[in-house]
Amino acid sequence: MGSVTFIEHNGTEHVVDIEAGKSLMQIALDNGIPGIDADCGGVCACGTCHVIVDGATFNVTGNATEDELQMLDLTPERSDTSRLACQIITTDAMDGMIARLPEFQM
């Protein structure tokens with residue numbers, strides 16, 4: 001089992017265990033990570049679980065779907081490594097991932 005570090009906009013870090021097969025959003029919710037709102041419950045319909053994945057592990061998150069890219073287009077803090085946490089299904093290969101949280105969720 002590995003871990004992922006969520007970093008809030010203010011720099012506060014939260015290191016939590018990865019549960020392979022769960023979405024990164026669900027792991028954040030299960031661990032009370034502030035800044036992940038998940039208003040739509042994980043169906044890629046709201047963009048309130050936006051994370052910015054550090055480049056070293058971005059490639060293991062898989063490819064964003066067209067729906068996800070459209071949701072990300074609505075966020076002003078989008079970066080090249082932005083993803084919706086509800087669309088990232090965790091694997092052991094994500095051990096050490098850093099997911100930064102934007103100041104505001106859409």
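Residues numbered from 1 in each chain as written. Predicted model: local features only at pLDDT ≥ 70, side-chain atom pairs only at ≥ 80, totals over all residues. Heavy atoms only, no water.

As annotated in an unreviewed UniProt entry, the chain carries the name Ferredoxin-6 and is attributed to Zhongshania aliphaticivorans.

### Let's talk about the pairing of strand S2 (residues 13-17)
This is how it is decided: Any two strands with at least two DSSP bridges between them are considered paired. Helix and strand definitions follow DSSP, with helices as H or I runs of at least four residues and strands as E runs of at least two, each counted in order from the N terminus.
In terms of strand pairing, strand S1 (residues 3-7) meets S2 through five bridges, oriented antiparallel. Across the sheet, the residue bridging to isoleucine 7 is glutamate 13, located in S2. Taking the residues that link successive antiparallel strands as the turn, the S1-S2 hairpin has five residues, and the phi of glycine 11 there is positive, at about 95°.

### Digging into the environment of methionine 71
Cut-off, in case you're wondering: Per-residue accessibility, obtained with a 1.4 Å probe over protein chains only, is compared with the maximum for each type, and a residue is labelled buried under 20%, exposed over 50%, and partly exposed between these values. For this analysis, residues touch if any pair of their heavy atoms sits within 4.5 Å.
Its place among the elements puts methionine 71 in helix H3 (residues 66-72). Owing to a relative accessible area of 16%, methionine 71 belongs among the buried residues under this scheme. Measuring from C-alpha to C-alpha, the distance between methionine 71 and threonine 57 comes to 21 Å, with 14 residues separating the pair along the chain. Other than its neighbours up to four places away in sequence, methionine 71 contacts Cys44, Ala45, Cys46, Gly47 and Leu84.

### Examining the pattern of salt bridges
Formally: We define a salt bridge as a side-chain nitrogen of Lys or Arg found within 4 Å of a carboxyl oxygen belonging to Asp or Glu.
Counting across every chain of the model gives five salt bridges. Among the salt bridges present, the one from aspartate 54 reaches arginine 100, with a minimum N-O distance of 3.0 Å. You can see aspartate 54 sitting in the loop between strand S3 (50-53) and helix H2 (55-58) and its partner arginine 100 sitting in strand S5 (residues 97-100), a full 46 residues away along the chain. A relative accessible area of 23% means that aspartate 54 is categorised as partly exposed. With a relative accessible area of 36%, arginine 100 lands in the partly exposed category. Here the residues in one salt-bridge network are Glu19, Lys22 and Asp30, joined through shared partners.

### Focus on the pairing of S3
Residues in a regular strand point their side chains to alternate faces of the sheet. Sheet topology places S3 next to strand S4 (residues 82-84); three bridges connect them, and they run antiparallel. Paired with histidine 50 across the two strands is leucine 84, which belongs to S4. As paired elements, S3 and S5 share two bridges and run antiparallel to each other. When the sheet's bridge partners are listed, isoleucine 52 is paired in S5 with arginine 100.

### Some points on the side chain of serine 23
Cut-off, in case you're wondering: Pairing of N or O atoms within 3.5 Å defines a polar contact, subject to two protein rules: one partner must be a possible hydrogen donor and the other a possible acceptor, and residues neighboring in sequence count only if both atoms are side-chain atoms.
Mapping serine 23 onto the fold places it in the loop between S2 and helix H1 (24-30). A distance of 3.0 Å separates the side chain of serine 23 from the backbone nitrogen of glutamine 26, its partner in a polar contact. Aside from chain neighbours lying at most four places away, what touches serine 23 is Ala85, Cys86, Ile88, Ile89 and Thr90.

### Points about unusual backbone geometry
The phi dihedral of alanine 38 is positive, around 55°, even though this residue is not glycine. Within the secondary structure layout, alanine 38 lies in the loop between H1 and S3. Taking the relative accessible area as the measure of exposure, alanine 38 reaches 11% and is therefore buried. Look at cysteine 44: it is not a glycine, yet its phi comes out positive at around 60°. For cysteine 44, the location among the structural elements is in the loop between H1 and S3.

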